[in-house]
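Understanding the architecture of this molecule
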Amino acid sequence: QSGGTPGADDTIAPAAPTGVAAVGGADQVTLNWNAVAGAASYSVYRSTAPGGEGAAPLAANLTAATYVDATAAGGSDYYYFVTASTPGGQSAASTEVLAHSHYVADANDDGTVSFADLVVVAQNYGGTGKAWAQGDFTGDGVVSFADLVLVSQKYGKVCTPCAAPVPARAAAAASVVGSQSTVT
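The rules behind these values
- Numbering of residues starts from 1 in every chain and runs along the sequence as written.
- Only residues with pLDDT of 70 or above have their local features reported here, since the model is predicted, and side-chain atom pairs are shown and tallied only from 80 upward, although totals for entire chains, interfaces and linings are computed over all residues.
- Each side-chain value is derived from all of the structure's non-hydrogen atoms; neither hydrogens nor water enter the calculation.
- We count a salt bridge whenever a side-chain nitrogen from Lys or Arg sits within 4 Å of a carboxyl oxygen from Asp or Glu.
- In this text, helices come from DSSP runs of H or I with a minimum length of four residues, and strands from runs of E with a minimum of two, each type numbered from the N-terminal end.
- Working definition: with a 1.4 Å probe on protein chains only, accessible area under 20% of the residue-type maximum means buried, over 50% means exposed, and in between means partly exposed.
- Buried Ala, Val, Leu, Ile, Met, Phe, Trp, Tyr and Cys residues that are joined via side-chain atoms within 4.5 Å together make up what is termed a nonpolar core.
- Using protein atoms alone on a 1 Å grid, points that fit a 1.4 Å probe yet trap it form a cavity, whereas open point sets bounded by protein on both sides within 12 Å along at least five of seven lines form a pocket; residues with an atom within 4 Å of a point count as lining.
- Grid points are joined across faces, edges and corners, and a volume is the space filled by probe spheres set on the points.
- The classification used treats Ala, Val, Leu, Ile, Met, Phe, Trp, Tyr, Cys and Pro as nonpolar, Asp, Glu, Lys and Arg as charged, and all other residues, Gly among them, as polar.
- Directions from the helix axis toward the C-beta atoms define the arc.
- Whether two residues are in contact is decided by their heavy atoms: any pair within 4.5 Å suffices.
- Two rings belonging to Phe, Tyr or Trp (six-membered ring only in the last case) form a pair when the distance between their centres is within 6.5 Å. Interplanar angles under 30 degrees mark stacking, angles over 60 mark edge-to-face geometry, and anything in between is tilted.

Let us look at the pattern of salt bridges. Tallied over the entire structure, the rule returns one salt bridge. One salt bridge connects Arg 46 with Asp 69, and the closest N-O pair in it is separated by 2.8 Å. On the criterion of sequence distance, the pair formed by Arg 46 in strand β3 (residues 41–47) and Asp 69 in strand β5 (residues 66–69) is long-range, its members being 23 residues apart. Classification of Arg 46 as partly exposed rests on a relative accessible area of 25%. We classify Asp 69 as buried; its relative accessible area is 0%.

This is how it looks when you write it as structure tokens:
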């Protein structure tokens, strides 16, 4: 490579994207990252196993530092990394991130929309600053009638096939006290 500066000299590859974050929603994952100086486009890579993203991107030629993976199946875990490109080449991969795409209205991620999910919505109804596990299935931070409608539409339905959660995430999400399990 020449002695150029990534982002200022488009004859060399840019720096790898930083600040990559992935947030799971209802049958989707939203990714955001810090824009790379001088980047002409970005590519997003995805896998269901750590380090398994491969050479073919899920999405390429993205011009914004955000992407919504609407092909992510609910109940599944996905690993992502992002690269930046200039006429000088493609950056190294960003740090790999993990996100869980949720099955619609399944607050406890057990693969079934049931009374337990309805209880979560009822307990948090009208609350703001809420997340998926607290009944905000629309992603607007508020547990509202729209979230209740989603529970009613999916009530009694089973996610088929829902992937088993990543062991580390499952262990972090649940703690066992005596014979009683509590989700945190």
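Ranked by size, the top nonpolar core spans 18 residues in total, and within it Leu 31, Trp 33 and Tyr 80 carry the most contacts. Residue assignment for this core shows that the elements contributing at least two residues are β2 (28–32), β3, β4 (59–62), β6 (76–86) and β8 (97–101). No other element matches the four residues that β6 contributes to this core. If you look at the next biggest cluster of nonpolar residues, it comprises 13 residues, including Val 104, Val 113, Leu 150 and Cys 159.

Counted as a void, the second largest pocket has a volume near 200 Å³. Lining the second largest pocket are 13 residues, with Val 23, Gly 24, Gly 25, Thr 138 and Gly 139 sitting closest to its centre. Looking at the lining of the second largest pocket, the elements with two or more residues in it are β1 (21–25) and β2. Tallied by class, residues from the lining of the second largest pocket come to six nonpolar, six polar and one charged.

The complete set of buried residues in helix α2 (residues 145–154) reads Asp 147, Leu 150 and Val 151. With its buried residues spanning 100 degrees around the axis, α2 presents them on a single face. In α2, the exposed residues that point more than 90 degrees away from the buried face are Phe 145, Ser 152 and Gln 153. Along its buried surface, α2 packs onto α1 (115–124). Just downstream of α2, Gly 156 is the residue with a positive phi angle, here 85 degrees.

This paragraph deals with α1. Taken together, the buried positions of α1 are Asp 117, Val 120, Val 121 and Asn 124. Along the axis of α1, the buried residues cluster in a sector spanning 95 degrees; they form a single face. More than 90 degrees from the buried face of α1, the exposed residues found are Phe 115, Ala 122 and Gln 123. On its buried face, α1 sits against α2. At the exit of α1 stands Gly 126, carrying a positive phi of roughly 85 degrees.

On to the packing of aromatic side chains, then. For the coordinates displayed, the defined rule picks out four aromatic pairs. Aromatic pair Tyr 45 and Phe 81: ring centres 4.7 Å apart, planes at 20 degrees, arrangement stacked. Here Tyr 45 is found in strand β3, whereas its partner Phe 81 is found in strand β6, with 36 residues between them in sequence. Comparing Tyr 45 with Phe 81, the two get one shared label, buried. Consider the rings of Tyr 78 and Tyr 80, whose centres lie 6.4 Å apart with planes at 45 degrees: the pair is tilted. Per residue, the accessibility class of Tyr 78 equals that of Tyr 80, and both read buried.

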